[in-house]
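Descriptive structure summary
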Amino acid sequence: MCGIIGYLGSADALPILRDGLSNLEYRGYDSAGIALGGDTVEVYKRAGELSALTEVLPETSTATMGIGHTRWSTHGEPTDANAHPHTNESGDVAVVHNGIIENYDALRSVLTERGHTFASDTDTEVVPHLLEEELESGRNLVDAVSAVVEKLEGNFALGVVAAGHDGIVATRRGNPLVLGYAEHGAFIASDVPAFVEHTRRVSYPEEGDVIHLTESEVSVYADGEAVSREIQEIEWDAEAAEKGGYKHYMLKEIHEQPTALRQAISGRIDEVKGEVDLEIDLPAEYLNSLAEIQFVACGTSYHAALYAADLLEEYADVRSSAEIASEYEFRGGRDPWRTLVVAVTQSGETADTLSALRRAKRAGARTLAVTNTLGSTVTREVDDTVFIRAGPEIGVAATKTFCSQVATLALLCVYVGRARGAMSSGDARALLSDLRGLPGAVQQVLDREEQVCVAAEEYGDGDAFFFIGRRLGAPVALEGALKLKEISYDHAEGFAAGELKHGPLALVTSETPVLAVLTGGSNAPETLNNVKEVESRGAPVIGCASDDVDAEKFVDEVFDVSDLGELEPLVANVYFQLFSYYVADLQGRSIDKPRNLAKSVTVE
Amino acid sequence: MKAVVLAAGEGMRLRPLTRTRPKPMLPIGNQPLLEHVLEAGREAGIDEFVFVVGYKRERIQSHFGDGDDWDVDIEYAVQETQLGTGHALLQAEPYINGSFIALNGDRIVEPSAISAVMRERRETGSPVMAVTRHRNPENYGVVELDGQRVRSIEEKPPAHTVKTDYINAGVYGLGASTFDEIRETDADGELAITTVLQAYRDALRPVRFDGLWLDVSYHWDILAVNSRMLDRTESSRAETASIHERATVVDGAAIAADVRIRPGATVLPGTSLGENVEIGSNAVLSNCVVLADATVDDGAVVRDCVVGENATVGANTTIEGGDTDVVVDGSVHSDVRLGGVVGDNTALGGNVTVSPGTVIGNDATVESGTIVSDWIENDAIVRRG
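Note that this is a predicted model, so its numbers are computed, not measured.

A few words on the overall build of chain B. Helices and strands together make up the secondary structure of chain B, namely seven helices and 37 strands. Rg of the C-alpha trace for chain B: 22 Å, near the compact-globule value of 21 Å for 385 residues, within the 12% margin. Along the longest, intermediate and shortest principal axes, the C-alpha atoms of chain B span 65 × 45 × 35 Å. Element-wise, carbon and sulfur atoms account for 41% of the exposed surface of chain B, whose accessible area totals about 15,400 Å².

Put into structure tokens, the structure is as follows:
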């Protein structure tokens with residue numbers, strides 16, 4: 001899915017297009033570009049998030065028309081060259097495109113024969129070259145676009161500017177396009193959020209319509225005849241539509257976890273053989289020779305890394321640690337040739353993680369990235385990449401990507417463990433079978449949302465919240481606390497449960513709910529002793545517990561976790577996500593965009 | 001024209017399956033009923049939908065999102081309490097101006113019925129209702145016609161009073177004035193669309209159609225409708241499914257993504273296997289609807305059965321299937337084909353025997369070697385001896 005936008009009017013186009021693209025980011029954000037039109041056409045484009053584009057955009061521009069594009073690729077590399085807008089050789093004609101041109105191969109060879117040279121691997125680039133030929137034959141821009149569209153097969157929404165030609169021309173077939181009519185100008189866009197700050201008056205072109213935005217008017221042509229399309233007033237909250245009926249992206253993304261998890265493991269598991277295929281090229285001899293795996297990550301990804309490090313030590317028989325990326329140095333006592341450094345980053349752009357990775361590379365270690373974003377910076381800097389396939393995540397608080405990261409890292413654990421001969425096929429089958437069961441177990445939690453909501457109402461007004469767990473429950477305790485604090489602004493801390501008595505217990509009162517991980521994989525019987533400590537000090541206790549843990553006696557509210565071995569703490573985490581969400585929502589917090597925080601932190 | 005799709009209902013008769021999902025999300029050929037409705041609407045030329053959701057709406061919203069995957073726009077109107085179809089329709093008012101189509105989200109209907117209603121609405125500007133013939137009209141809204149007029153609409157009248165085969169097909173062509181009419185109609189508690197249309201029946205235009213119209217009222221309907229839809233559609237087999245070369249899977253079965261079918265397993269006609277389902281070695285499935293993430297272990301025989309999400313049917317367990325008598329809400333349904341229903345997350349151990357017509361609730365545990373029948377509650381633990 002991609003997003004396009006175009007603006008022509010009396011205001012400066014640059015800030016309008018930039019903001020419009022940021023509102024279309026939900027449609028993808030792995031590369032972006034803007035073309036400013038007028039007597040000349042200026043194109044700016046970059047792979048990476050919108051912030052990467054912003055760096056190359058001029059501070060200001062007097063241009064009052066332009067087009068923009070933001071992209072989320074599912075195939076192929078997002079590079080600067082493949083980013084939109086695309087132009088002809090001279091750069092006079094610029095095109096943004098959402099969709100697929102199916103016959104581009106044939107068109108491209110014909111154009112190449114006629115002397116055109118191509119700068120990208122995209123299907124889109126045939127369009128500016130075709131347009132150039134039509135314009136040279138003396139047609140105006142509207143006729144040229146109509147003529148080119150005749151030659152295209154597939155689905156598209158297109159926006160075009162050309163130097164020396166009046167206005168912006170757009171058309172659609174099979175892909176969405178909406179026109180917006182503001183007081184200071186007119187818009188084309190893939191979707192209303194792109195311009196909803198400027199106007200709520202819109203019209204929807206029909207299939208095959210060609211639209212011409214000029215300074216004086218917006219004209220729509222069907223089969224060459226001018227037609228009028230009904231202008232409607234949008235009443236609904238445009239952003240709400242993208243949230244698919246959910247109040248916040250975060251809640252939507254929490255509910256997407258079963259699907260995201262199925263994606264994460266799809267096609268990668270062979271349970272019969274107890275093997276994993278991650279499409280990476282880490283030779284068995286290299287994995288066998290490994291002395292250490294270091295994970296580098298920040299925030300939520302760091303918690304996923306902690307989970308993974310524990311699994312790898314347990315099952316792959318290799319010393320493993322998770323390092324906070326901003327603190328990372330390739331320190332003494334280790335052999336770079338026998339150290340694998342794994343960067344875990346959702347966006348693939350996290351500055352702290354990238355810089356840690358570079359330190360590891362300088363030292364000579366082999367590197368691997370685990371990320372959600374195709375073509376992101378991290379993927380270009382590492383030796384191998386494994387994608388978590390969670391799909392775009394918009395809420396600043398990471399939810400589904402944490403789940404998908406841990407699931408993917410568990411696959412990595414089996415991959416490494418098997419290659420090293422440390423894990424029997426039976427052990428591998430057991431862990432893989434638990435991974436298969438993960439989507440269903442998470443769905444079961446989601447089906448109990450009501451229980452969590454009620455608990456949030458009852459315990460949500462605590463002075464502070466403490467999350468505790470052991471072993472695999474410890475990173476989940478940290479993650480639970482992080483989630484709660486970042487969206488509710490309440491004080492929340494996570495501890496390895498045993499640490500409680502070494503200090504933090506002094507803070508525990510009847511006004512500080514304690515949330516405990518009491519599942520398989522988390523030494524639940526021992527954590528239960530810590531639960532007794534806080535319970536005897538009057539603190540309300542919420543426990544995520546599996547059936548075989550006798551939690552009821554000491555825990556005020558029990559959230560059931562079904563039998564899933566080492567992955568039970570990950571299932572418990574979904575309860576913590578929902579709890580955090582409802583605590584924050586009851587306080588009316590800005591859940592998708594918490595104060596002071598950004599989705600992907602690209603500064604150190 | 002926009003379409004308002006009523007998808008807020010629970011479907012109590014289909015418990016336990018509807019305890020975790022609304023009725024429109026029950027899968028037929030691995031697609032929710034509601035997706036069949038959406039696709040029929042889209043084929044009839046509708047690309048903007050308003051889903052009226054309520055009960056367990058997260059399931060619907062997570063599946064459909066904003067409609068991009070279907071190239072349509074979906075907006076959601078929420079009906080907080082289920083007060084009838086008329087009240088449900090009213091929730092869509094902020095999203096509608098002008099004529100619109102209203103559809104039930106849990107009835108499979110042919111696109112031609114929808115386009116016929118759209119055409120009639122465009123031509124006449126009157127309220128329009130599609131009617132179709134049914135073998136058991138008394139189970140539905142019976143419509144008595146008088147030429148091009150509707151004489152009466154009666155919801156589930158006693159069978160002996162029914163004088164016609166025509167029933168309300170649940171496809172309407174309406175206008176904004178309908179909302180005022182709903183508000184003006186007196187209602188004690190629930191208010192049905194048909195009550196409102198009945199009050200204004202002089203203007204109501206019936207559109208007759210003979211074509212596909214499938215309703216899912218009882219558990220065995222899920223199997224029958226699933227089987228019927230599989231017959232009608234091309235076989236669907238996801239690329240990521242892995243079927244062992246020594247497994248037998250008939251062409252007509254629907255196999256979703258990441259399904260694994262082990263050596264020697266046999267999947268017979270009428271069967272849909274949802275995403276991430278595992279079928280063990282030498283298991284036999286016939287006329288089954290298996291929901292996502294479920295596991296059928298080695299050697300199990302599962303016939304005429306709905307297996308819930310994330311459920312497990314243990315090794316060598318037998319769900320023998322066939323015709324049986326089932327009691328629902330105190331009335332006996334004779335000779336219906338239902339091997340059983342296994343609720344979501346329920347685990348049947350090894351060597352369990354499930355008598356025909358057994359309905360096992362969600363999250364239940366049935367220990368190995370037991371014989372179960374009738375109705376087993378949610379969260380129950382069935383022990384041997």
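Cis geometry is found at the peptide bond from His84 of chain A to Pro85 of chain A, where omega equals 0°. With respect to the element layout, Pro85 of chain A can be found in the loop between β4 (65–71) and β5 (86–87). A positive phi angle is found at Asn276 of chain B, which is not glycine, with a value near 65°. The phi dihedral of Asn287 of chain B is positive, around 50°, even though this residue is not glycine.

The next point concerns the sheet that holds strand β8 (residues 168–173) of chain A. Strand order across the open sheet formed by seven strands is β5-β6-β7-β8-β12-β13-β14 (chain A), with antiparallel pairing between neighbours. Among the strands making up the open sheet, the edge pair consists of β5 and β14 (225–227) of chain A.

Moving on to the pattern of salt bridges. Applying the stated criterion across every chain yields a total of 49 salt bridges over all chains. Taking the shortest distance from any N to any O, the salt bridge between Arg319 of chain A and Glu292 of chain A comes out at 3.6 Å. Taken together, the residues Arg319 of chain A in strand β19 (residues 319–324) and Glu292 of chain A in strand β18 (residues 292–297) connect sequence positions 27 residues apart. What makes Arg319 of chain A partly exposed here is its relative accessible area of 48%. A salt bridge links Arg366 of chain A to Asp384 of chain A; the nearest nitrogen and oxygen atoms lie 3.3 Å apart. Here Arg366 of chain A, found in strand β21 (residues 366–371), pairs with Asp384 of chain A, found in strand β22 (residues 384–387); they are 18 residues apart in sequence, far enough to count as distant. Judged by relative accessible area, which is 24%, Arg366 of chain A ranks as partly exposed. Overall, the relative accessible area of 10% leaves Asp384 of chain A in the buried class. Via salt bridges that share partners, Glu271 and Arg436 of chain A together with Arg260, Arg262 and Glu278 of chain B belong to a single interconnected network.

Further remarks concern the packing of helix α8 (residues 257–265) of chain A against helix α14 (residues 425–446) of chain A. Between two packed helices, the angle of one axis relative to the other and the distance separating the axes together describe the packing. Residues and elements named next belong to chain A. Here α8 crosses α14 at 175°, and the two axes come no closer than 8 Å. It follows that α8 is roughly antiparallel to α14 by the angle criterion. Note on element contacts: α14 touches α8 through Leu435, Arg436, Leu438, Pro439, Val442, Gln443 and Leu446, opposite Gln257, Pro258, Leu261, Arg262 and Ile265. A class-by-class count of the residues in the contact of α8 with α14 yields eight nonpolar, two polar and two charged.

Contacts between the two partners involve 27 residues from chain A and, on the opposite side, 28 residues from chain B. Approximately 2,200 Å² of surface area, both sides summed, lies buried where chain A meets chain B, with 39% of it carried by carbon and sulfur atoms. Broken down residue by residue, the surface that chain A buries against chain B is led by Arg262, Arg436 and Asp447 of chain A, which jointly contribute 24%. The partner of Asp293 of chain B in a salt bridge is Arg262 of chain A, and the shortest N-O contact between them spans 2.8 Å. The interface formed by chain A and chain B includes 13 residue pairs in polar contact (both at pLDDT 80 or more). The set of elements that each furnish at least two residues to the side of chain A that touches chain B consists of α6 (238–242) and α14 of chain A. Residues that form the side of chain A that touches chain B fall into these classes: eight nonpolar, 10 polar and nine charged.

This paragraph deals with a negative patch on the surface. A cluster of acidic side chains, namely Asp547, Asp548, Asp550, Glu552, Asp560 and Asp563 of chain A together with Asp379 of chain B, defines a negative patch on the protein surface. Tracing the backbone shows Asp560 of chain A in strand β27 (residues 557–561).

Residues and elements named next belong to chain A. The contact between helix α10 (residues 299–315) and helix α13 (residues 400–419) brings their axes to 9 Å, and the two run at 25°. The angle between the axes of α10 and α13 places the two elements in the roughly parallel class. With respect to the hand of their crossing, α10 and α13 are arranged in right-handed fashion. Contacts between α10 and α13 involve Thr300, Ser301, His303, Ala304, Ala305, Tyr307, Ala308, Leu311, Leu312 and Tyr315 from the first element and Phe402, Gln405, Val406, Leu409, Ala410, Cys413, Val416 and Gly417 from the second. Here the contact of α10 with α13 is composed, by residue class, of 13 nonpolar, five polar and no charged.

We now examine the pairing of β18 of chain A. Residues and elements named next belong to chain A. For β18, the tally of buried residues reaches six of six residues, placing the bulk of the element in the interior. What you see with β18 is no split at all: Glu292, Gln294 and Val296 on one side and Ile293, Phe295 and Ala297 on the other are buried throughout. Note that β18 and β19 share six bridges and pair parallel. Residue pairing for β19: Val296 is matched across the bridge by Glu323. Chirality of the crossover, the property in question, places the unit of β18, α10 and β19 among those that are right-handed. Strand direction decides the pairing type here: β18 and strand β20 (residues 339–345), joined by six bridges, are parallel. When the bridges of β20 are listed, Ala297 appears paired with Val344.

Residue and element names in this part refer to chain A. Judged by nonpolar contacts, the single largest core of 95 residues is most densely connected at Ile293, Phe295, Leu435, Leu438, Phe467 and Phe579. Both of domain 2 (243–447) and domain 3 (449–604) provide at least three residues apiece to this core. Discounting residues that sit within four places of it in the chain, Ile293 has contacts with Leu312, Val318, Arg319, Ser320, Ser321, Leu340, Val342 and Val416.

It is worth spelling out the environment of Asp251 of chain B at this point. Residue and element names in this part refer to chain B. When you line up the elements, Asp251 lands in the loop between β15 (248–249) and β16 (254–255). For the pair Asp251 and Glu234, spaced 17 residues apart in sequence, the C-alpha separation works out to 8.9 Å. When residues no more than four places from it in sequence are discounted, the contact partners of Asp251 are Ser235 and Arg237.

Residue and element names in this part refer to chain A. In this model, helix α11 (residues 351–363) (13 residues) spans 19 Å end to end at C-alpha, consistent with the 18 Å of a helix rising 1.5 Å per residue. For α11, the set of buried residues is Ala351, Asp352, Thr353, Leu354, Ser355, Ala356, Leu357, Arg359 and Ala360. One or two positions beyond α11, positive phi appears at Gly364, with a value near 105°.

Before going further, it helps to spend a moment on the domain arrangement of chain B. All names here are of chain B. Partitioning chain B into structural domains gives domain 1 (2–215) and domain 2 (219–382). On the side of domain 2, 31 residues touch domain 1, which itself brings 20 residues to the contact. When domain 1 packs against domain 2, the two sides together hide about 1,900 Å² of surface, and 63% of this comes from carbon and sulfur. Among the residues domain 1 hides against domain 2, the three largest losses belong to Pro16, Leu17 and Asn30. Together they make up 29% of the total. Taken together, domain 1 and domain 2 are joined by four salt bridges. If you list the elements that add at least two residues to the side of domain 1 that touches domain 2, you get β2 (27–28) and β13 (213–215). Counted by class, the side of domain 1 that touches domain 2 contains nine nonpolar, four polar and seven charged residues.

This part covers the domain arrangement of chain A. Each assigned domain of chain A is listed here: domain 1 (2–242), domain 2 (243–447) and domain 3 (449–604). One C-alpha centre belongs to domain 1 of chain A, the other to domain 3 of chain A; they are set 47 Å apart.

Further remarks concern the side chain of Thr124 of chain A. Residue and element names in this part refer to chain A. Counting through the fold element by element, Thr124 comes out in the loop between α3 (104–113) and α4 (126–136). Its relative accessible area of 1% is what places Thr124 among the buried residues. At 2.7 Å, the side chain of Thr124 and the side chain of His97 are in polar contact. Ignoring anything within four residues of it in the chain, the contact list for Thr124 reads His84, His86, Val95, His97 and Ile101.

Here we come to the environment of Ile28 of chain B. When you line up the elements, Ile28 of chain B lands in strand β2. Beyond its immediate stretch of four places on either side in the chain, Ile28 of chain B contacts Leu33, His36, Ile108, Ile222, Val225, Asn226 and Met229 of chain B.

Bringing the sheet that holds strand β36 (residues 375–376) of chain B into the picture now. Residue and element names in this part refer to chain B. With respect to topology, seven strands assemble into an open sheet ordered β16-β19-β22-β25-β30-β33-β36, the strand pairing being parallel. The sheet terminates laterally at β16 and β36, the two strands that pair on one side only. Across three bridges, the pairing between strand β30 (residues 340–342) and strand β33 (residues 358–360) is parallel. If you follow Val342 over to β33, its bridge partner there is Ile360. On top of the sheet, helix α7 (residues 219–232) reaches β16, β19 (272–273), β22 (289–290), β25 (305–307), β30 and β33; it is set at about 95° to β25, its chief contact.

The rules behind the values
- Along every chain, residues carry numbers that run from 1 in the direction the sequence is written.
- For this description, chains carry letters from A and ligands carry numbers from 1, given in the order in which they are written.
- In view of the model being predicted, local features appear only for residues whose pLDDT reaches at least 70, and side-chain atom pairs are presented and counted only at 80 or more, with totals across whole chains, interfaces and linings using the full set of residues.
- The side-chain numbers reported here are obtained from all heavy atoms of the structure, hydrogens and water having been left aside.
- Each helix is a run of H or I in the DSSP string that is no shorter than four residues. Each strand is a run of E no shorter than two, and both are numbered from the N terminus.
- Both definitions apply: the radius of gyration is a C-alpha atom measure, and the globule rule equals 2.2 Å times residues to the power 0.38.
- Each accessible area is a Shrake-Rupley estimate made with a 1.4 Å probe; only the visible protein chains count as cover when residues are assessed.
- One requirement defines pairing of two strands: DSSP has to find at least two bridges between them.
- Any carboxyl oxygen of Asp or Glu that lies within 4 Å of a side-chain nitrogen of Lys or Arg is treated as forming a salt bridge with it.
- Whether a residue is buried, partly exposed or exposed follows from its accessible area with a 1.4 Å probe, protein chains only, as a fraction of its type maximum: under 20%, in between, or over 50%, in that order.
- In this description, a line fitted to the C-alpha atoms serves as the axis of each element, helices being fitted only across the stretch in contact, and the angle between N-to-C directions of two axes falls anywhere from 0 to 180 degrees.
- When an angle is under 35 degrees it counts as roughly parallel; over 145 it counts as roughly antiparallel; between 65 and 115 it counts as roughly perpendicular; any other value is oblique.
- Contacts are residue-level and defined by heavy atoms, with any inter-residue pair within 4.5 Å sufficient.
- Three residue categories are used. Nonpolar comprises Ala, Val, Leu, Ile, Met, Phe, Trp, Tyr, Cys and Pro, charged comprises Asp, Glu, Lys and Arg, and polar comprises the others, including Gly.
- Buried area: the sum, over both parts, of the accessible surface (1.4 Å probe) that disappears when the two are put together.
- Under the rule applied, a polar contact is a pair of N or O atoms within 3.5 Å (in protein, one hydrogen donor and one hydrogen acceptor; residues adjacent in sequence only if both atoms are side-chain atoms).
- Like charges are joined within 9 Å and nonpolar side chains (Val, Leu, Ile, Met, Phe, Trp, Tyr) within 5 Å, but only among residues with over 30% relative accessible area and no salt bridge; these make up the patches.
- The positive count covers Lys and Arg only, the negative count covers Asp and Glu only, and His and the chain ends enter neither.
- One atom stands in for each charge, and that atom is NZ of Lys, CZ of Arg, CG of Asp or CD of Glu.
- With the far helix as reference, a near helix turned anticlockwise by less than a right angle produces a left-handed crossing, and one turned clockwise produces a right-handed crossing.
- With the strands pointing away from the viewer, any crossover whose connection runs clockwise from the first strand over the helix to the second is right-handed.
- Side-chain atoms within 4.5 Å link the members of a nonpolar core, which is a set of buried Ala, Val, Leu, Ile, Met, Phe, Trp, Tyr and Cys residues.
- Throughout the structure description, domain borders are defined by an automatic or database domain assignment.
- To estimate how far a helix should extend, the number of its residues minus one is multiplied by 1.5 Å.

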